[in-house]
Amino acid sequence: MPAPSPDGLVSEAPAGRDGQTTGVLALGAIVVAGTRRRGLGIAFWLCVGWIGLVILLAVFAGALPLHSPDATGLGPPRVAPGGRFWLGTDDLGRDMLARLIYGARVSMIVGFSSIAIGLVVGGTLGLIAGYYKGRIGTVIMGVVDVFLAFPALVLALAIVTFLGQSLQNVVIAIGFLSIAPIARIIRSSTIAFSEREFVIAARALGARNFRIVTKEILPNVVPPTLAYALVYVAVAIVAEGGLSFLGLSVKPPTASWGGMINEGKTFLPQAPYISLLPAAVMFITVLAFNFAGDSLRTRLDPRGGAA
Amino acid sequence: MSAVGTIGRKILYLIPVLFAVTVLTFLLIKLLPGDPAVDILGPGATPAAVQEIHHQLGLDKPLPAQYVHWLGNAVHGNLGQSYQNNQSTVSALRQRLPVTIELIILSQLIAFAIAVPLALVAATKPNGLVDRLATTAAFGFLAIPDFILGVVLVFVFAVHWHVFPATGYTYLTANPVLNLKAMTLPAVTLAMASLAVYFRLLRTDLIATLQQDYIAMARSKGLSTRYIMVRHALRPSSFSLATVSGLQVGALIGGTFITESIFALPGVGSLAVQSIYSRDYLVVQGTVLVIAVGYVGINFVIDLLYTVLDPRIRRAGAIA
């Protein structure tokens, strides 16, 4: 019986399976193919390709020959996709394609910057707490536990409400919330490495703590953390989506995927695509981040990367 | 370490957490740009009226005294009142809490009712067809945010097929059938993420349990696979499921905010969201306090149950 990955995410693929399988179970085949022991598989690269595309479009949105995302009345309201407007228009006659691409900007900025905040602050705290297991570690983890004691979305809502709705404040809120869980993960991998022979050897050679942490432990902690970070970017994108779905992220008329899904909700009977297009784009993006992060994690740690 | 010692230590640990949670919730209203008194009275407030409100809310005292004053009121069931409709926060919560609790319970029933049997079947034959399909589906479901799932369910079952209503809530006491009908889509929306998490966890733990010697023993005695799965493997495999279902409560609470908003359910989540819209800060603060303290409490109880249930943890005194 092949060993399952401990977190139960994916099962080992039977030998000889490759990514070329097509058919009804395409998705299943993709998942299976992507988890082969050697090579990351075609599905992984498809996910990376999609993420790359979304990032490129988000970065170069301003340079693309697009309608203005916020201009109303470009066409009649609720034009179905396919004609002059490739993806149709929304209720205010705005170009759906432009809004989707500019919405990607919000999602990508929030996803990457908030997790960057989490990695820098949470990573530092986790390294310190994991290396100095005594009083410092206990205090840091106590504070971390308090923040984990708040339901995340509630805290994010509260922070954004009280700081005011803007892209910057959404990044701050979600970044702040990512500190505690990231600190936890980094701490546990730091503890695992700080007992290893090469750390003991470095200490025996007279290396100072700072050097041990930055030169011996950090380089080992970083790779699995980056794999986790991809999954966290997905979580941050979903969190921003939830906030903007409730109308509490960036202010309208700024396009965001969650906001578009919410605006289109009213028109589900007449023009379902207004809601369902951003929903599909967001789903694929989140899936791609999850899948890419997960494949990397399985590959970096054959035992499945214990949290 | 004895069971009593472990429980005592956990209670000691609970105190600073509760203290910090209440302080943070208290400070939320301090972060507010501007003056809550002006928010309550409107822009044309006289200085005397502002002073009066400050005095009412205890805002004219130093911060620690304000905290004690606020917490004392909260403990006595006074979380202030809405300046919109003068309803007290506590009575609003009392009215809306049953809706949210029903929603959470229904969603968890759905999640367990599907996840447990599915995990049992999948783990019986790892890498079999059922296992691969279910594992893939679970991975996909984890990538569907609840607000997307809710909208898609509304589109399919309310707009397209007219099977379930998209909005319109009937209280359980008024008409149980209509209530369940109105609750179906929200509960399914909320259930899906937990379902995927529970399935993956239980499947992995089951597969690990099935490697144990006593399972081989049971097999060699000629017991049927079904009997072994249900009677021998399920219980020892469900401990992490118990912990995670407790941790899941936090995600569920966030989920109720969104789900209740999509389906217009009169629960605590929609109360919080509406109060945020109308800048009814005392209600927001009160709701956040009740949610956060409730969340800490639930996790504490589950942690405790877990310690009592699993002798290995009781002895090791692990999982702080």
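Here the residue numbering is sequential within each chain, running from 1 through the sequence in written order. Chain letters start at A and ligand numbers start at 1, both assigned in the order the entries are written. Reporting of local features is limited, given that this is a predicted model, to residues whose pLDDT is at least 70; pairs of side-chain atoms are given and counted only at 80 or more, and all residues count toward the totals for whole chains, interfaces and linings.

Draft legend 1. Highlighting the overall build of chain B. Across its full length, chain B holds 14 helices and zero strands. Seen through its principal axes, chain B has C-alpha atoms that stretch 85 × 60 × 35 Å. Neighbour counting defines burial: a residue surrounded by 20 or more other C-beta atoms within 10 Å of its own C-beta is buried, one with 12 or fewer is exposed, and intermediate counts give partly exposed, using backbone-placed C-beta atoms. Across the 320 residues in chain B, those meeting the buried criterion constitute 37%. Long-range pairs, those at least 24 residues apart, make up 69% of the contacts in chain B with a sequence separation of at least 6. Numbering of helices and strands runs from the N terminus; a helix is a DSSP stretch of H or I covering at least four residues, while a strand is a stretch of E covering at least two. C-beta atoms are placed from the backbone for every residue, and two residues are taken to be in contact when these atoms lie within 7 Å.

Draft legend 2. Structural view of the overall build of chain A. Within chain A one finds 10 helices and zero strands. Listing every helix and strand of chain A by position from the N terminus yields α-α-α-α-α-α-α-α-α-α. Classification of the 307 residues of chain A by burial places 51% in the buried group.

Draft legend 3. Spotlight on the nonpolar core. In plain words, the nonpolar core is the set of buried Ala, Val, Leu, Ile, Met, Phe, Trp, Tyr and Cys residues that C-beta atoms within 7 Å link up. The biggest cluster of nonpolar side chains holds 161 residues, and the ones touching the most others in it are Ala156(A), Ile148(B) and Phe199(B). Sorting elements by how many residues they give to this core places helix α8 (residues 209-245) of chain A first, with 19 residues. With near-sequence residues (within four places) excluded, Ile148(B) lies in contact with Ile261(A), Ala279(A), Met282(A) and Phe283(A).

Draft legend 4. Up close: the packing of helix α2 (residues 41-59) of chain A against helix α10 (residues 273-300) of chain A. Residue and element names in this part refer to chain A. Remark: α2 packs on α10, axes separated minimally by 9 Å, with the N-to-C direction vectors making an angle of 130°. In this view, α2 runs oblique relative to α10, as classed from their interaxial angle. Considering how the two elements wind past one another, α2 and α10 form a crossing that is left-handed. Where α2 abuts α10, its residues Ala-43, Phe-44, Cys-47, Val-48, Trp-50, Ile-51 and Val-54 lie against Ile-284, Thr-285, Ala-288, Phe-289, Phe-291, Ala-292 and Ser-295. Lines fitted to C-alpha atoms define the axes, with helix axes restricted to the stretch in contact, and inter-axis angles between N-to-C directions lie between 0 and 180 degrees. For classification purposes, an angle smaller than 35 degrees is called roughly parallel, one larger than 145 roughly antiparallel, one from 65 to 115 roughly perpendicular, and anything else oblique. Note: crossing handedness is left-handed where the near helix turns anticlockwise from the far helix by less than a right angle, and right-handed where it turns clockwise.

Draft legend 5. Up close: the interface of chain A and chain B. Listed by partner, the interface residues are 48 residues for chain A and 47 residues for chain B. Elements with a minimum of two residues in the side of chain A that touches chain B: α1 (26-34), α4 (135-148), α5 (152-163), α8, α9 (257-265) and α10 of chain A. It is α10(A) that provides the largest number of residues to the side of chain A that touches chain B, a total of eight residues. By residue class, the composition of the side of chain A that touches chain B is 34 nonpolar, 11 polar and three charged. Any residue that is not Ala, Val, Leu, Ile, Met, Phe, Trp, Tyr, Cys, Pro, Asp, Glu, Lys or Arg is counted as polar, Gly included; the first ten are nonpolar and the last four charged.

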